[in-house]
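Listed below are the residues making up each chain.
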Amino acid sequence: MNPALQGLITIVLGVGGCVGYFYFSNQFLDKVLYPAKGPNAGRNINRANMIRPWLFLAPALIALGFYLVYPVFETLRLSLTDRDAGGAFVGAENYSQMLSEPKFWEALRNNMMWLIVVPAASTAFGLLAAQLTDSIKWGGVAKSLIFMPMAISFVGAAVIWKLVYDARPEGTEQIGVLNAIYLFFSDGDPQTWLTIPFWNNFFLMIVLIWIQTGFAMVILSAALRGIPEETIEAAIVDGANPFQIFFKIKVPQIMATIVVVWTTITIVVLKVFDIVFAMTNGQWETQVLANYMYDKMFRANDWGVGSAAAMVIMLLVTPILVWNVYNARKEMR
Amino acid sequence: MDNIAGKKSSLSWAVNIATLALVLLWLFPTVGLLVSSFRTADQIFSSGWWSSMFAQESQNPAIRVSGAEQKVGDLYVIEGNLFDGKEAVVTAWGTSSRAPQAYAPGETVELTRDRTITLQDNGDFTFTATQSQQDKRLQRVFTTATSAPDFTLDNYRTVLFSGAGTDNMAKAFFNTLTVTIPATIIPILVAAFAAYALAWMEFPGRALLIAAVVGLLVVPLQLALIPLLKFHNEIGIGKGYLGVWMAHTGFGLPLAIYLLRNYMVGLPRDIIENARVDGATDFQIFVKIILPLSFPALASFAIFQFLWTWNDLLVAMVFLIDSSGQTTVMTRQIVELLGTRGGNWEILATAAFVSIAVPLAVFFLMQRYLVRGLLAGSVK
């Protein structure tokens, strides 16, 4: 069957099915199971209203349960079993095998560097961009343009930046901007930036910083505009200079938002996969956890170690998960 | 901000310049790719894209003289133009790759076997020989020439229509579209009902469910790959569109529910309670009141989900693309091009831009909703 046709049928069935399910299940509840008439009308209405929320929630809960909750436990189970031995329980063997691999430690080290550099740089640039664009006339356009990389796929960004980092043999015209600038200021040889161990990690991080700065800017700009003007006026009257106003008056007031931006970007960083996969595929000591996991699962077909690596990512996410849930609950009270 | 107290900031020009620098820095890489996609392979390799806007001097690849032979006196003569009428000014030329800049324009050079060649600065050449050159390989000429900016749509023609194998993105484009549209529409509806229940219906366990949704927002989908692939294989879906639609629906739901609930909870209570008093059922309230009022939030999520599914690589690789390669999506094909055709920037740049163009269009048209969604979606 033609995929486009299949897609169309799926849309019709999916949407129709959802609407049908919600409509008919409600009809069934109100007309057949607990009709709001007869001797027990009042009791029936109450019962129907007790059940109805679950009718509304059911498809979402089933999907969430199957696609997000169950996999967490299943991955935990898989990480403790050996696929080659018919799924036998092997305890922590996968983990100890993973811990003995230098590639894993390389991935963990790189991930830690990503975790420090990318959220910090994106938030800093975002704050700078927000402050700059908020105080000029063409700030809207500037915001749009800085925000634009957000719409570009990680793979597209990888191609864009590979062109920037491109290196041509010595003596020929350089077509990568970075080498052109480098050779303009120094007499060295053209560098293949992505193959220089350790530093190449930073060249990959730049790509994600470039993408995430726009996000940080949008959120922080809204927070900056929400600062009560009296506080700033008072500071001006007291003779504060623009830098003091920014760092001592504005930044402390939007600290909560900065934390939100920081943690959101941290989550993105922990899952970073496409950029590394497309640009270096973990060669030249640029491995990260998500790509390591993909290597193990789908190249080496080692589900045990792959699942163990996935659990490490989950473990790193957990503090943020707990923090978010804690805050959400506090807000609801 | 600094004008509040009535004094104009002396920093204002610095702010303008700093902003401009930041914007240019952010734009520069993308523009590089866009410009490159309009250049030929030779142009891309002979000069940086930033110099393509200006007339530039560059060393051209060897061009073999060709044309009809005429007999003039004792000599066989071939005349013509090296550049096929394209505008270019030769500054130096040569007849061997070892000395490509040996001669000045206008010079006549003696070749072996009594042949001569003359090249003018506009590319006109005169080639003479004492014997007929019919069926012989003619002289190659190396030129260094200044040519006007020159752009072409050929790359797009190759990538969209005429290209063979992985050069042709047409199929992958439609595959991506096929993945994206159902994967965007279906979660909206499922999430909207759930969000309404979590926002406006009273039932035990509601707070717990909301907290669970907030928690699920950050669960890495990496954990779901193997268990779900196993599950899909067991129920007989295997790798295919159905699997990828379901996966995207599942992964998109937490954000959808969270965004929509946050929005719906802010809708005025009066409207909903009045409707209840007038005897409307929850289903009617939802369809007739909540859904239309929630349009901005629905649009926000739709844009997020669209961008995310269009740009996705991992989910498509795991749940969709099988060994036949018939269902490959654009991101996957670009990664393949990066591997096999890493040096063919004209194809790579164009292919990447074809895949970027649609999200960029959506971004610029719907930016308002995107920003609104971001502001509502970041966990406070």
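### A short note on the overall build of chain B
Next, step 1: Within chain B, the secondary structure is distributed over 13 helices and nine strands.
Next, step 2: Each principal axis of the C-alpha atoms in chain B carries an extent, and together these give about 110 × 70 × 35 Å.
Next, step 3: For chain B, the residues scored as buried account for 53% of the 380 residues in total.
Next, step 4: Contacts in chain B between residues far apart in sequence, at least 24 positions, make up 70% of those at least 6 positions apart.
Next, step 5: As presented, chain B carries roughly 16,600 Å² of accessible surface, and 59% of it is formed by carbon and sulfur atoms.
Next, step 6: The average position of the 26 basic charges and that of the 27 acidic charges among the side chains of chain B differ by 9 Å.

### Quick notes on the interface of chain B and chain A
Next, step 1: Opposite the 109 residues of chain B that make contact, chain A presents 110 residues.
Next, step 2: In total, about 10,000 Å² of surface goes out of reach between chain B and chain A, with carbon and sulfur atoms giving 82% of it.
Next, step 3: For the pair chain B and chain A, the interface holds one salt bridge.
Next, step 4: When the shortest N-O distance is used, the salt bridge between B:K230 and A:E74 registers 2.7 Å.
Next, step 5: Here chain B is connected to chain A by nine residue pairs in polar contact (both at pLDDT 80 or more).
Next, step 6: Of the residues forming the side of chain B that touches chain A, the biggest block, 15 residues, is contributed by helix α1 (residues 12-36) of chain B.
Next, step 7: Along the lines of polarity and charge, the residues of the side of chain B that touches chain A split into 83 nonpolar, 18 polar and eight charged.

### Remarks on empty space enclosed by the protein
Next, step 1: For the structure shown, the criterion picks out four cavities of 30 Å³ or more.
Next, step 2: Quantified by volume, the largest cavity comes out at close to 1,300 Å³.
Next, step 3: As for the largest cavity, its lining consists of 44 residues, and the residues nearest its centre are A:V268, A:K271, B:L255, B:F304 and B:W308.
Next, step 4: Listed by contribution, the elements that provide at least two residues to the lining of the largest cavity are α8 (199-225), α11 (255-270) and α14 (303-332) of chain A together with α7 (241-265), α10 (295-311) and α13 (345-377) of chain B.
Next, step 5: Looking at the lining of the largest cavity, its residues break down into 29 nonpolar, 12 polar and three charged.

### A closer look at the pairing of strand β3 (residues 69-72) of chain B
Residue and element names in this part refer to chain B.
Next, step 1: Strand direction decides the pairing type here: β3 and strand β4 (residues 75-81), joined by four bridges, are antiparallel. Bridge pairing in β4 links K71 to Y76.
Next, step 2: What sits between β3 and β4 in their antiparallel hairpin is a turn of two residues, with G73 showing a positive phi close to 65°.

### A short note on the domain arrangement of chain B
All names here are of chain B.
Next, step 1: Its domain assignment divides chain B into domain 1 (12-53), domain 2 (56-147) and domain 3 (158-377).
Next, step 2: Averaged C-alpha coordinates put domain 1 and domain 3 at centres separated by 32 Å.
Next, step 3: Every contact between the two is made by nine residues of domain 1 and, on the other side, eight residues of domain 3.
Next, step 4: On the domain 1 side of the contact with domain 3, L33, S37 and F45 bury the most area, a combined 54% of that side's loss.
Next, step 5: Viewed at the interface, domain 3 and domain 1 are joined by zero salt bridges.
Next, step 6: Where domain 1 touches domain 3, the interface holds zero residue pairs in polar contact (both at pLDDT 80 or more).
Next, step 7: Among the secondary structure elements, those contributing two or more residues to the side of domain 1 that touches domain 3 are α1 and α2 (41-46).
Next, step 8: Here the side of domain 1 that touches domain 3 gets four residues from one element, more than from any other, and that element is α1.

### Some details on a nonpolar patch on the surface
Residue and element names in this part refer to chain A.
Next, step 1: Together, F28, V32, L33, M50 and I51 line one region of the surface with nonpolar side chains, adding up to about 480 Å² of accessible area.
Next, step 2: Mapped by element, the contributors of at least two residues to the nonpolar patch are α1 (3-33) and α2 (41-78).
Next, step 3: If one sorts the elements of the nonpolar patch by residue count, α1 sits on top with three residues.
Next, step 4: Residue I51 is classed as partly exposed on the basis of its relative accessible area, which comes to 30%.

### Concerning the sheet that holds β3(B)
All names here are of chain B.
Next, step 1: Pairing is antiparallel in the open sheet, where five strands are placed in the order β3-β4-β8-β7-β6. In this open sheet, the two strands that pair with only one neighbour each are β3 and β6 (108-110). The mean inter-strand angle of the sheet, taken between neighbouring strand axes irrespective of direction, is 25°.
Next, step 2: Pairing geometry for strand β7 (residues 116-119) and strand β8 (residues 124-129), over four bridges, is antiparallel. When the sheet's bridge partners are listed, T118 is paired in β8 with T126.

### Side note on the pattern of salt bridges
Next, step 1: With the rule as written, the count across this model stands at nine salt bridges over all chains.
Next, step 2: Here the salt bridges share partners, and the residues they tie into one network are A:E74, A:R77 and B:K230.

### What about the environment of B:S147?
Residues and elements named next belong to chain B.
Next, step 1: With respect to the helices and strands, the residue S147 is situated in strand β9 (residues 140-147).
Next, step 2: Residue classification places S147 among the partly exposed positions, given a relative accessible area of 22%.
Next, step 3: In this structure, the C-alpha to C-alpha distance between S147 and E87, residues 60 residues apart in sequence, is 6.2 Å.

### Topic: the packing of α2(A) against helix α6 (residues 225-234) of chain B
Next, step 1: At a closest axis distance of 7 Å, the pairing of α2(A) and α6(B) adopts a crossing angle of 105°. Taken together, α2(A) and α6(B) sit at an angle that is classed as roughly perpendicular. Between α2(A) and α6(B), the residues in contact are A:F66, A:Y67, A:Y70, A:P71, A:E74, A:T75, A:R77 and A:L78 and B:I226, B:P227, B:L228, B:K230, B:F231 and B:H232, respectively.
Next, step 2: Residues belonging to the contact of α2(A) with α6(B) are distributed by class as follows: nine nonpolar, two polar and three charged.

### Digging into the environment of B:L374
Next, step 1: Relative to the elements of secondary structure, B:L374 occurs in helix α13.
Next, step 2: Once the C-alpha coordinates of B:L374 and B:F203 are considered, the two residues, 171 residues apart in sequence, prove to be 29 Å apart.
Next, step 3: In contact with B:L374, other than residues within four places in its own chain, are A:F147, A:F215, A:V218, A:I219 and B:F304.

### Focus: the packing of aromatic side chains
Next, step 1: Within this structure, the stated rule accounts for 42 aromatic pairs over all chains.
Next, step 2: Look at A:F56 and B:F286: their rings are 6.1 Å apart centre to centre, the planes differ by 80°, and that puts the pair in the edge-to-face class. Here B:F286 lies in helix α9 (residues 282-293) and A:F56 lies in helix α2, a pairing that spans two chains.
Next, step 3: Cluster of aromatic residues (ring-pair linked, three or more members): A:Y21, A:F22, A:Y23, A:F24, A:F56, B:F193, B:Y196, B:F283 and B:F286.
Next, step 4: In this arrangement the basic side chain of B:R368 is found over the ring face of B:Y369, its NZ or CZ atom lying 4.8 Å from the centre.

### Details of the pairing of strand β5 (residues 88-94) of chain B
Look at any regular strand and the pattern is simple: side chains alternate between the two faces of the sheet.
Residue and element names in this part refer to chain B.
Next, step 1: Of all the seven residues making up β5, five are buried; the element is thus mostly covered by neighbouring parts of the structure.
Next, step 2: Pairing of β5 with β9 involves six bridges; the strand directions are antiparallel. Paired with V89 across the bridge in β9 is T146.

### Description of unusual backbone geometry
All names here are of chain A.
Next, step 1: Located in the positive-phi region is F198, a residue other than glycine, with phi close to 70°.
Next, step 2: Within the secondary structure layout, F198 lies in the loop between α7 (177-185) and α8.
Next, step 3: Taking the relative accessible area as the measure of exposure, F198 reaches 32% and is therefore partly exposed.
Next, step 4: Even without glycine at this site, E285 takes up a positive phi of about 60°.
Next, step 5: Topologically, E285 is positioned in the loop between α12 (274-279) and α13 (289-299).

Calculation rules
- Residues numbered from 1 in each chain as written.
- Chains lettered and ligands numbered in written order.
- Predicted model: local features only at pLDDT ≥ 70, side-chain atom pairs only at ≥ 80, totals over all residues.
- Heavy atoms only, no water.
- Helix = DSSP H or I, 4+ residues; strand = E, 2+ residues; numbered from the N terminus.
- Buried < 20%, exposed > 50% of the residue type's maximum accessible area, 1.4 Å probe, protein only.
- Contact = heavy atoms within 4.5 Å.
- Areas by Shrake-Rupley, 256 points an atom, 1.4 Å probe, with all protein chains shown as cover.
- Lys, Arg positive; Asp, Glu negative; His and termini not counted.
- Charge placed at Lys NZ, Arg CZ, Asp CG, Glu CD.
- Buried area = accessible area lost by both parts, 1.4 Å probe.
- Salt bridge = Lys/Arg side-chain N within 4 Å of Asp/Glu carboxyl O.
- Polar contact = N/O pair within 3.5 Å; in protein donor to acceptor, adjacent residues only side chain to side chain.
- Nonpolar A, V, L, I, M, F, W, Y, C, P; charged D, E, K, R; others polar.
- 1 Å grid on protein atoms, 1.4 Å probe; cavity = no way out; pocket = protein on both sides within 12 Å on 5 of 7 lines; lining within 4 Å.
- Points joined across faces, edges and corners; volume = space filled by probe spheres on them.
- Pairing = 2+ DSSP bridges.
- Domains from an automatic or database assignment.
- Patch = residues over 30% accessible without salt bridge, like charges linked within 9 Å, V, L, I, M, F, W, Y side chains within 5 Å.
- Axes fitted to C-alpha atoms, helices over the stretch in contact; angles between N-to-C directions.
- Parallel < 35°, antiparallel > 145°, perpendicular 65-115°, else oblique.
- Phe/Tyr/Trp six-rings, centres within 6.5 Å; stacked < 30°, edge-to-face > 60°.
- Lys NZ or Arg CZ within 6 Å of the ring centre and 35° of its normal.

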